[in-house]
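Chain by chain, the residues:
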Amino acid sequence: MISTHRNISVSPSQSPRSPSAEPFLSVSVTDPVKLGTGVQAYISYRVITKTNMPEYQGQEKIVIRRYTDFVWLRDKLAEKFKGIFIPPLPEKSAVEKFRFSAEFIEMRRQALDVFINRVTSHPQLKQSEDLRIFLQEDEEAMERARSHETGIFKKKPSEFMQIIKDVQSKVSDVVLGKEKPVEESIPEYEKLKHYIFELEDHLAEAQRQAFRLVKRHRELGQSLSDFGKAIKLLGACEGESLGKAFSELGSKSEMMSIKLQKEAHNLLMNFEEPLKDYVRAVQSIKVTMMDRANAFKHHYELSETIRLKEINLDKLTLMRSDKAGEAEIEYRELKAESDEATKRYETIVKLMNEELVRFQENKTSELGLAFHEFAKGQANLSHEVADAWRSLLPKLGVSSA
Amino acid sequence: MMVPADDRFGFGPPPLGEEMESLPLTDGPLGRFDPLLHPLHSDSPSSSPSSPTSSFPDPPSYAEAVFLPAEDSSNGVPSASPRRRSGGDSDYLNITVSDPQKESEPTVSLVPGAGTFISYLITTNTSASDLSGSPQEFSVRRRFRDVVVLADRLAESYRGFVIPPRPDKSVVESQVMHKHEFVEQRRSALENYLLKLAAHPVIGKSDELKIFLQASGKFPLPATTDMASRVLDGAVRLPKQLFGAGEAGSGYVAAPQDVVQPAKGGRDLLRMFKELKQSMANDWGGAKLSLVEEDKAFLTRKERVLELEQQLATASQQAEALVKAQQDMSETTGELGLAFFKLGKFETEEAVYDSQRMRVADFKQVATAAVKASRMYRESNTLTVKHLDKLHEYYGLMLAVRQAFSDRSNALVTLQTILADLSSLHAREEKVEAASSKIFGGDKTRIRKLEEYKETIRITEDAKSIAVKEYERIKENNRSELDRLDKERHEDFLSMIKGFVINQTGYAEKLAGIWSQVAGETSRYASRRK
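Residues numbered from 1 in each chain as written. Chains lettered and ligands numbered in written order. Predicted model: local features only at pLDDT ≥ 70, side-chain atom pairs only at ≥ 80, totals over all residues. Heavy atoms only, no water.

With an unreviewed UniProt entry as reference, chain B is termed Sorting nexin 2B, source organism Apostasia shenzhenica.

Looking at an unreviewed UniProt entry, one finds chain A named Sorting nexin 1, with Apostasia shenzhenica as its source organism.

Here it is, written out as structure tokens:
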């Protein structure tokens, strides 16, 4: 399977050289294995890390992780790196039935591999201590880290789904300023907000059609197979040259069916999934926007409070009140907090601007690759189909004596 | 002519709609560009710098062989109308059905719209020329009811033949009947039907068809031969004559040839009953019959035909499913293209970064290709429908074959009935003879009775020889028709397969060209990630 993302790094096999070689960090997610039984069953993955970075123990480390571990990592990153567009994770499976289908498992594995590689290639995220824990700690330590979480991240996956949904709707309200009339009034940012929301709609539509296209390939494949069988039976009734012609037609038809099923899978993994991934990425941006809105609100409210406190303090000072001292201390504390909030807000703004540039660039190349795979797959399919049908013609020409 | 652009991936920009439609078509399905008749050379226009990714040597390109404007279905190659076969000498060069008109006839009815019907103009060109030496053309007005009559008359006159089935009656209210779509469907179906009749080697020359196509004014043929009313008295008397009961020699005797027609219609109930009894006896093998369907060759053939019918049913069904799947593919591909066009437009309006602008170009490329591909699928499908329609057609013909088989078994039953009657007559005759001989001088009544029996027997013997001739005739019709059917079916199916495969090949090549181009233009994204 073609993984759409590989780490842009040097080959890991040049470690014997001096340790001052370029720092690299290469991760892959492989070998899904079903563990546990019944309702408790889940899939575990091997996460292989190859690195020469000093913070990491040794050159290669293999750990076993499951989906909820990835969720833990994502949540920690979201907590600590506000302003950064956190790479999106594949969704929890909505339908129980497909949780263990080969296709779903492969799609998820690919998406997790993409996720972890995006994290390790992000200039800030790759320095995360939580990332190191995720990549290096043994399974028990990971388990402990996961279950010792406080706050909203200690929820079960199903609850988390609900939280995500709530967040999404809250994000819309907050970001679009529906909640309270406390919002930044930066025109470019307003424009960006609407861009992001509309973009999500357009992308979702494209992804829907892509998914339908996968289905159409499957359906066409099935009908070619059925048609081939029926034609072969018909050929058995007719004799001699016609019977043979029908038989050839039927066989080719069945062969075509197999090619179509293959292409359906290729389309799913290398075209539809990247589009879905794009949608998720946009949703991640919306979360960052919510963080920014909250940060702004916090900063704004504190600034307002500070202003009033300042006026009050001046008044008290002027009146030589004995409350002035207290007020002064209060004021200083609040000022520190306010400065903190402002700094946080400004960091987010700065990070977002950088992230946006990266985002657009990455998306162009990732989408471009998806388009390339799509076109290549379709071209190959059509070539093979043309070849197969064409090879029949001399046989038909000969037999039509 | 397609000129290959110097695009490293072979196919130049796929032809636009206008270019495609101006490509020359040769007429007639057999005259079409048949790549097998042309040497496979590599300098055929679109095959030289072909396929980028596969390494096959210059194949002949069927891409040009399959161009057809999609919208005009009546232009279709192959057409639904039966084509002239080698050795066919139909008198009718062409038949067209057109100009549906609403007409009315006097009727007593409270139902609104009753008494109105649609008539069609039927124009026929014949190969026979009139006195001035120019080919004749006939124009008549007919309504659907006339077609039903024609079909019924043909069924009566051409027993044993595989007669093309007529269009369905479909029970409709007078109001619905005037709806444009329905009328158009019916018009087209009538045209196909008449053309098929004309193409049949025997029926094409029939009087019934001639009268239908050429007699001006109202269609003159009555609904049935109305044998029943002619023979009404005879029909009632028939059992009396055959069983010899009561007054004999009472004037009217059924003409033998009328006896020989299968008993159908409500008036001939008595005979129907007798023949039914006979056919049941046949089935149960109870009666001793001197004539049994012992033509093993025929029975084997019949079995094969029924087997064929079953396979045709399935194949016909799967062909429909295939067509639907291709249709869906076309639609979804088109919608995908549309979604990308919208994305491209959106990003163009909102572009802030250069990377976005680059992306816009990609969107447009993929969108254009998808829309083109959608059109390719749709056009290919239109042709596929026409090709695979042969399956539906021959499946429909199976009904006519069954009818031909029925004609045969009916004729056999008629013959067997007569034989049974004959033997019972003989038996009775003997009994009377035996009784008379015991009385000296004979009994006047008994002698008269004997004479009546002898007379009846003579008539029945005549009927028998006619029935035998009829049965043999129908048997021969069956045989020659099945031969003809086999031959035509073989030809048609081979041509269908060829056409289908050429079509699929050509369109697959076009699709490959469309997508190869996009793959080429986007290949820079792939090389980054090696």
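K.L.:
Help me understand the overall build of chain B in this model?
P.N.:
Tallying secondary structure elements over chain B gives twelve helices and three strands in all. A separation of at least 24 residues holds for 76% of the contacts in chain B among residues at least 6 apart in sequence. Accessible area of chain B: about 27,200 Å², with a carbon and sulfur share of 56%. (Helix = DSSP H or I, 4+ residues; strand = E, 2+ residues; numbered from the N terminus. Contact = heavy atoms within 4.5 Å. Areas by Shrake-Rupley, 256 points an atom, 1.4 Å probe, with all protein chains shown as cover.)

K.L.:
Help me understand the overall build of chain A, please; the structure alone is not making it clear to me.
P.N.:
In terms of helices and strands, chain A carries eight helices and three strands. Sequence-ordered secondary structure for chain A, helices as α and strands as β, is β-β-β-α-α-α-α-α-α-α-α. Burial analysis of chain A (401 residues in total) assigns 51% to the buried set. Within chain A, contacts between residues separated by at least 24 positions form 73% of all contacts whose residues are at least 6 apart in sequence. Of the roughly 19,400 Å² of accessible surface on chain A, a fraction of 55% belongs to carbon and sulfur atoms. (Buried < 20%, exposed > 50% of the residue type's maximum accessible area, 1.4 Å probe, protein only.)

K.L.:
Explanation requested: the confidence of the model for chain A in the structure shown.
P.N.:
The predicted coordinates of low-pLDDT regions are not to be read in fine detail. Residues and elements named next belong to chain A. Averaged over all residues, the pLDDT of chain A equals 85, while 85% of them reach at least 70. Ranking the helices and strands of chain A by mean pLDDT puts helix α6 (residues 187–237) first, with 94, and helix α5 (residues 157–175) last, with 62. Ignoring residues within four places in sequence, the model shows residues 1–19, a span with pLDDT below 50, making 30 contacts including any to other chains. (pLDDT = per-residue confidence, 0-100.)

K.L.:
Please clarify how the domain arrangement of chain A should be interpreted in this entry.
P.N.:
Often the size quoted for an interface is simply the accessible area lost on bringing the parts together. Residues and elements named next belong to chain A. Here chain A is partitioned into domain 1 (25–137) and domain 2 (190–398). Relative to domain 2, the C-alpha centre of domain 1 lies at a distance of 19 Å. Counting residues at the interface gives 19 residues for domain 1 and 23 residues for domain 2. In total, domain 1 and domain 2 occlude about 1,900 Å² of area from one another, counting both sides; carbon and sulfur atoms represent 55% of this. Broken down residue by residue, the surface that domain 1 buries against domain 2 is led by Lys82, Phe85 and Met107, which jointly contribute 35%. Counting across the interface, domain 1 meets domain 2 through five salt bridges. Two residues, Arg280 and Glu91, come together in a salt bridge whose shortest N-O distance is 3.1 Å. In this assembly, domain 1 and domain 2 are joined by ten residue pairs in polar contact (both at pLDDT 80 or more). Of the residues in the side of domain 1 that touches domain 2, the class split is nine nonpolar, five polar and five charged. (Domains from an automatic or database assignment. Buried area = accessible area lost by both parts, 1.4 Å probe. Salt bridge = Lys/Arg side-chain N within 4 Å of Asp/Glu carboxyl O. Polar contact = N/O pair within 3.5 Å; in protein donor to acceptor, adjacent residues only side chain to side chain. Nonpolar A, V, L, I, M, F, W, Y, C, P; charged D, E, K, R; others polar.)

K.L.:
Please clarify how the pattern of salt bridges should be interpreted in this entry.
P.N.:
As a working rule, side chains carrying opposite charge can pair if their charged atoms are close by. Counted according to the given criterion, the structure contains 60 salt bridges over all chains. Ionic pairing is found between A:Arg74 and A:Asp75, a salt bridge with its closest N-O pair at 3.1 Å. On the basis of relative accessibility, which here comes to 17%, the residue A:Arg74 falls in the buried class. The buried category is assigned to A:Asp75, whose relative accessible area is 5%. A:Arg280 serves as the salt-bridge partner of A:Glu273, at 3.7 Å between the closest nitrogen and oxygen. The burial state of A:Glu273 is the same as that of A:Arg280; both residues are buried. Several salt bridges share partner residues, and in doing so they unite A:Glu238, B:Arg301, B:Glu476, B:Arg479, B:Asp483, B:Asp486 and B:Arg489 into one network.

K.L.:
In this structure, what is going on with the nonpolar core? I would like to understand it.
P.N.:
Burial of nonpolar side chains together is a common tendency in soluble globular proteins. Formed by 107 residues in total, the largest nonpolar core has its most connected members in B:Phe340, B:Leu391 and B:Trp515. Of all the secondary structure elements, the ones that give two or more residues to this core are α6, α7 (240–318) and α8 (323–399) of chain A together with α9 (296–350), α10 (354–438) and α11 (444–521) of chain B. With 20 residues, the top contributor of residues to this core is α7(A). In this structure, B:Phe340 is in contact with A:Ala206, A:Phe271, A:Leu275, A:Phe371, B:Phe363, B:Val366 and B:Ala367, ignoring residues within four places of it in sequence. (Core = buried A, V, L, I, M, F, W, Y, C linked by side-chain atoms within 4.5 Å.)

K.L.:
Can you walk me through the environment of A:Leu203 in this structure?
P.N.:
Here A:Leu203 shows up in helix α6. A:Leu203 sits 74 residues away from A:Asp277 along the chain, and the two C-alpha atoms are 10.0 Å apart. Every residue in contact with A:Leu203, bar those within four places of it in the chain, is listed here: A:Tyr278, A:Val279, A:Val282 and B:Leu343.

K.L.:
So what exactly am I meant to see when it comes to the sheet that holds strand β3 (residues 60–66) of chain A here?
P.N.:
The strands making up a sheet are joined through hydrogen bonds of the backbone, oriented either antiparallel or parallel. Residue and element names in this part refer to chain A. A sheet is described by the order of its strands in space; here three strands give the open sequence β1-β2-β3, paired in antiparallel fashion. The outermost strands of the open sheet, each flanked by one partner alone, are β1 (25–35) and β3. Across the sheet, the mean angle from the axis of one strand to that of its neighbour is 20 degrees, orientation sign disregarded. Here nine bridges tie β1 to strand β2 (residues 42–51), and the two strands are oriented antiparallel to one another. (Pairing = 2+ DSSP bridges. Axes fitted to C-alpha atoms, helices over the stretch in contact; angles between N-to-C directions.)

K.L.:
When you look at the packing of helix α4 (residues 180–199) of chain B against helix α5 (residues 207–214) of chain B in this model, what are you seeing that I'm missing?
P.N.:
The angle between the axes and the distance between the axes are what describe a pair of packed helices. Residues and elements named next belong to chain B. Interaxial distance between α4 and α5 falls to 11 Å at its minimum, and their mutual angle equals 140 degrees. On the basis of the axis angle, α4 is oblique to α5. Taken as a pair, α4 and α5 cross one another with a handedness that is left-handed. Counted together, Leu194, Leu197 and Ala198 of α4 and Leu209, Phe212 and Leu213 of α5 form the full contact between these two elements. Looking at the contact of α4 with α5 residue by residue, the class counts come to six nonpolar, no polar and no charged. (Parallel < 35°, antiparallel > 145°, perpendicular 65-115°, else oblique. Left-handed = near helix turned anticlockwise from the far one by under 90°.)

K.L.:
What exactly am I supposed to notice about the packing of aromatic side chains here?
P.N.:
In this description, a pair of aromatic rings is defined by centroid distance and the angle of the planes. In this structure the tally under the stated criterion is 19 aromatic pairs over all chains. When the ring of B:Tyr158 is compared with that of B:Phe161, the centres are 5.7 Å apart and the planes differ by 70 degrees; the resulting orientation is edge-to-face. For B:Tyr158, a relative accessible area of 15% corresponds to the buried category. These aromatic residues form a ring-pair network of at least three members: A:Phe271, A:Phe371, A:Phe374, B:Phe340, B:Phe363 and B:Trp515. It is A:Arg292 that lies over the ring of A:Tyr189; its NZ or CZ is 3.4 Å from the centre. (Phe/Tyr/Trp six-rings, centres within 6.5 Å; stacked < 30°, edge-to-face > 60°. Lys NZ or Arg CZ within 6 Å of the ring centre and 35° of its normal.)

K.L.:
What should I look at first to understand the interface of chain B and chain A in this one?
P.N.:
With 73 residues of chain B at the interface, the matching set in chain A holds 75 residues. Carbon and sulfur atoms supply 73% of the area buried between chain B and chain A, which totals about 6,200 Å² over both sides. Inspection of the region where chain B meets chain A yields four salt bridges. Counting across the chain B and chain A interface gives twelve residue pairs in polar contact (both at pLDDT 80 or more). Of all the elements in the fold, those that place two or more residues in the side of chain B that touches chain A are α9, α10, α11 and α12 (523–528) of chain B. It is α9(B) that provides the largest number of residues to the side of chain B that touches chain A, a total of 26 residues. When its residues are assigned to classes, the side of chain B that touches chain A shows 42 nonpolar, 17 polar and 14 charged.

K.L.:
I would appreciate a short explanation of the packing of helix α1 (residues 67–80) of chain A against helix α3 (residues 129–136) of chain A in the present structure.
P.N.:
All names here are of chain A. Interhelical geometry of α1 versus α3 gives an angle of 170 degrees and a closest axis separation of 9 Å. On the basis of the axis angle, α1 is roughly antiparallel to α3. Here α1 contributes Asp69, Phe70, Trp72, Leu73, Lys76 and Lys80 to the contact with α3, which in turn contributes Asp130, Leu131, Ile133 and Phe134. Classifying every residue of the contact of α1 with α3 by side-chain character gives six nonpolar, no polar and four charged.

K.L.:
Whenever I open this one, the side chain of B:Asp328 confuses me. Can you help?
P.N.:
Mapping B:Asp328 onto the fold places it in helix α9. Ignoring any residue separated from it by four or fewer positions in sequence, one finds B:Asp328 in contact with A:Arg216 and A:Glu219.

K.L.:
Got a minute to help me understand the confidence of the model for chain B in this structure?
P.N.:
Residue and element names in this part refer to chain B. Residues of chain B with pLDDT of at least 70 account for 65%, and the chain-wide mean is 74. When mean pLDDT is taken per element in chain B, α9 scores highest with 93 and helix α1 (residues 17–21) scores lowest with 39. Segment residues 226–254 is flagged for pLDDT under 50; beyond a separation of four residues in sequence, or across chains, it makes 41 contacts in the model. Scoring the predicted complex yields pTM 0.75 and, for the interface, ipTM 0.83.

K.L.:
I tried to follow α1(A) on my own but got confused; where do I start?
P.N.:
Residue pairs spaced three or four apart in an α-helix point in one direction, given the helix's 3.6 residues per turn. All names here are of chain A. Taking 1.5 Å of rise per residue, the 14 residues of α1 would be expected to cover 20 Å, and the 20 Å separating its terminal C-alpha atoms lies within 8% of that figure. Counting buried positions along α1 gives eleven out of 14 residues, so the element sits mostly inside the fold. Of the residues making up α1, those classed as buried are Tyr67, Thr68, Asp69, Phe70, Val71, Trp72, Leu73, Arg74, Asp75, Lys76 and Leu77. (Expected span 1.5 Å × (residues − 1).)

K.L.:
Any chance you could explain unusual backbone geometry here in plain terms?
P.N.:
Negative phi values dominate among residues other than glycine, just as trans dominates among peptide bonds. Residue A:Asp31 is not a glycine yet carries a positive backbone phi of 50 degrees. Structurally, the position occupied by A:Asp31 is in strand β1. By relative accessible area, which is 38% here, A:Asp31 ends up partly exposed. With phi around 50 degrees, B:Asp99 is a residue other than glycine that occupies positive phi space.

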